[in-house]
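Architecture at a glance
Residues per chain are reported as follows:
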Amino acid sequence: MTNTKLPHVNAGDRVKPVLRASTWNAFTDAANWIKRHRNANRENAPRGVAQEPPSVCWAINADDSYQKNHVVGLDFYGTEVSDIADRLKLPIEVLVPDGASHFGKFGIMRDAIPTEEDYADCTVSGIAHCRLFVESNGAWITRADIESTNKTRLITHPGGSAQIIWKDETVGTDNVETDAIVRLGTPQNVTMLGVVSNGGPITAGGSGTVRLWRSNLVDTLYNVTARLDWMHNAQNVSDAKQVLLTWFPLERIWRIVGAECE
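The paragraphs below set out a description of the structure included in this document. (Residues numbered from 1 in each chain as written. Predicted model: local features only at pLDDT ≥ 70, side-chain atom pairs only at ≥ 80, totals over all residues. Heavy atoms only, no water.)

1. Section: the sheet that holds strand β10 (residues 176–184)
Taken in spatial order, the 5 strands of this closed barrel run β6-β8-β7-β9-β10, and their pairing is mixed. Recorded for the sheet is a direction-independent mean angle of 55° between the axes of neighbouring strands. Direction of pairing for strand β7 (residues 143–147) relative to strand β8 (residues 150–156): antiparallel, over a ladder of 4 bridges. Following the sheet pairing, I146 is matched in β8 by L154. (Pairing = 2+ DSSP bridges. Helix = DSSP H or I, 4+ residues; strand = E, 2+ residues; numbered from the N terminus. Axes fitted to C-alpha atoms, helices over the stretch in contact; angles between N-to-C directions.)

Pasting the structure below:
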């Protein structure tokens, strides 16, 4: 791209491919903003510091209420924007967080959405600062993910796709919101020990409550709902029996993959 500012068009002007004037103008606004941002980085950054990290994307089509460090659900918007921006940034559409459809698919805003614009930088992988809600009995959890309908923070989750690097524990460690540093883009299948609780049993093909235990056999007091829908041989798992659980992120369920003999 040259340093020439990309021009706006007027309603009715012919553009190839055929786009609405408002759509084209949104693209040009974004491209011009990126050029200004890139030039400012080049002028101010120390020698040897990498520019335009690939972990940063555009967050577009967002409303003005999105602020720096807010969490956003993500969907791909298209390819036209990345063509205009020399493919340096990935175009992403910002959506209201929805735990059902955006678990593991979220970003953290690096800037607020300006009132007069509808795009800003958003981190989708790598290190980011955010607010974090630590659930009740969740101080031991080292992972986090998107919280349904809440765009201001992440929430602790043993199978979350973000790794908690650090969290401020000076405000408390349990059932509290705090500052945190997380590493985005690290989904994994988490396997943990557990004990059937709350009366049991868990019937074959059904689900029930399991309290998670850490590998050193420490009771976390953290309960999850687990399914017994795989290789159960029509056998139930009684109350207080030990089980092995795996988190399946695509299905967003805990599944019992092994159990103590009855």
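2. Quick notes on the side chain of T220
Locating T220 in the fold gives a position in strand β13 (residues 219–227). Residue classification places T220 among the buried positions, given a relative accessible area of 8%. Engagement of the side chain of T220 in a polar contact is seen with the backbone oxygen of L212, the distance being 2.7 Å. The contacts of T220, once residues within four sequence positions are left out, are N137, W140, L212, W213 and R214. (Buried < 20%, exposed > 50% of the residue type's maximum accessible area, 1.4 Å probe, protein only. Polar contact = N/O pair within 3.5 Å; in protein donor to acceptor, adjacent residues only side chain to side chain. Contact = heavy atoms within 4.5 Å.)

3. A short note on the sheet that holds strand β12 (residues 207–213)
The strand order around the closed barrel built from 5 strands is β11-β12-β13-β15-β14, with neighbouring strands paired in mixed fashion. Averaged over all pairs of adjacent strands, the angle between strand axes in this sheet comes to 50°, irrespective of strand direction. Relative to strand β15 (residues 253–259), strand β14 (residues 242–248) runs antiparallel, the two sharing 6 bridges. Within β15, the residue paired with T246 across the bridge is R255.

4. Let's talk about the side chain of D168
Structurally, D168 is set in the loop between β9 (162–167) and β10. No salt bridge forms around the buried D168; measuring N to O, its nearest opposite-charge neighbour R131 is 6.6 Å away. There is a polar contact of 2.6 Å between the side chain of D168 and the side chain of T170. Filtering out sequence-adjacent residues up to four positions away, D168 remains in contact with T178 and D179. (Lys, Arg positive; Asp, Glu negative; His and termini not counted. Salt bridge = Lys/Arg side-chain N within 4 Å of Asp/Glu carboxyl O.)

5. Points about the nonpolar core
As a rule of thumb, soluble globular proteins bury nonpolar side chains together. If you look at the biggest cluster of nonpolar residues, it comprises 19 residues, and the most contacted ones within it are V210, L212, V224, V243, L245, W254 and I256. If you list the elements that add at least two residues to this core, you get β11 (191–196), β12, β13, β14 and β15. Leave out the neighbours within four places in its chain, and V210 touches G194, V195, V196, S197, I202, Y222, N223, V224, A226, V243 and L245. By size, the runner-up hydrophobic cluster in this structure holds 16 residues, among which are A128, V134, A144 and A180. (Core = buried A, V, L, I, M, F, W, Y, C linked by side-chain atoms within 4.5 Å.)

6. Notes on the packing of aromatic side chains
Across all of its chains, the model carries 3 aromatic pairs by this definition. Considering the side-chain rings of F103 and W247, the 5.5 Å spacing of their centres and the 55° angle between planes classify their relative orientation as tilted. Taken as a pair, F103 in the loop between α3 (99–102) and β4 (106–109) and W247 in strand β14 lie far apart in primary sequence, 144 residues in all. Geometrically, the ring pair formed by W140 and Y222 is edge-to-face, given 5.9 Å between the ring centres and 85° between the ring planes. Of this pair, W140 sits in the loop between β6 (126–134) and β7 while Y222 is found in strand β13, placing the two residues 82 residues apart along the sequence. When sorted by exposure, W140 lands in the same class as Y222, which is buried. Members of the aromatic cluster, connected to one another through ring pairs, are F103, W247 and W254. (Phe/Tyr/Trp six-rings, centres within 6.5 Å; stacked < 30°, edge-to-face > 60°.)

7. Observations regarding the environment of A240
Position of A240 among the secondary structure elements: in the loop between β13 and β14. Residues A240 and V210, spaced 30 residues apart in sequence, show a C-alpha to C-alpha distance of 9.0 Å. Sequence-distant contacts of A240, that is, excluding residues within four places in its chain, are made with V195, V196 and E260.

8. Quick notes on a nonpolar patch on the surface
On the surface, L193, L217, W230, M231, L244 and V257 cluster together into a nonpolar patch covering about 570 Å² of accessible area. One can find L193 in strand β11. (Patch = residues over 30% accessible without salt bridge, like charges linked within 9 Å, V, L, I, M, F, W, Y side chains within 5 Å. Areas by Shrake-Rupley, 256 points an atom, 1.4 Å probe, with all protein chains shown as cover.)

9. Topic: the pattern of salt bridges
A full pass over the atoms with the stated rule returns 8 salt bridges. Among the ionic pairs, R131 bridges to D179, the shortest N-O distance being 3.3 Å. Of the two residues, R131 sits in strand β6 while D179 sits in strand β10, which places them 48 residues apart along the sequence. A residue is classified by how much of its surface remains accessible, and R131, at 29% relative accessible area, is partly exposed. In this structure D179 comes out as partly exposed when scored by relative accessible area, which is 25%. Between R153 and E147 there is a salt bridge, and its shortest N-O distance comes to 2.7 Å. The pair formed by R153 and E147 is uniform in burial state, with each residue classed as buried. Overlapping salt bridges, with partners in common, bring together R131, E147, R153, E177 and D179 in one network.

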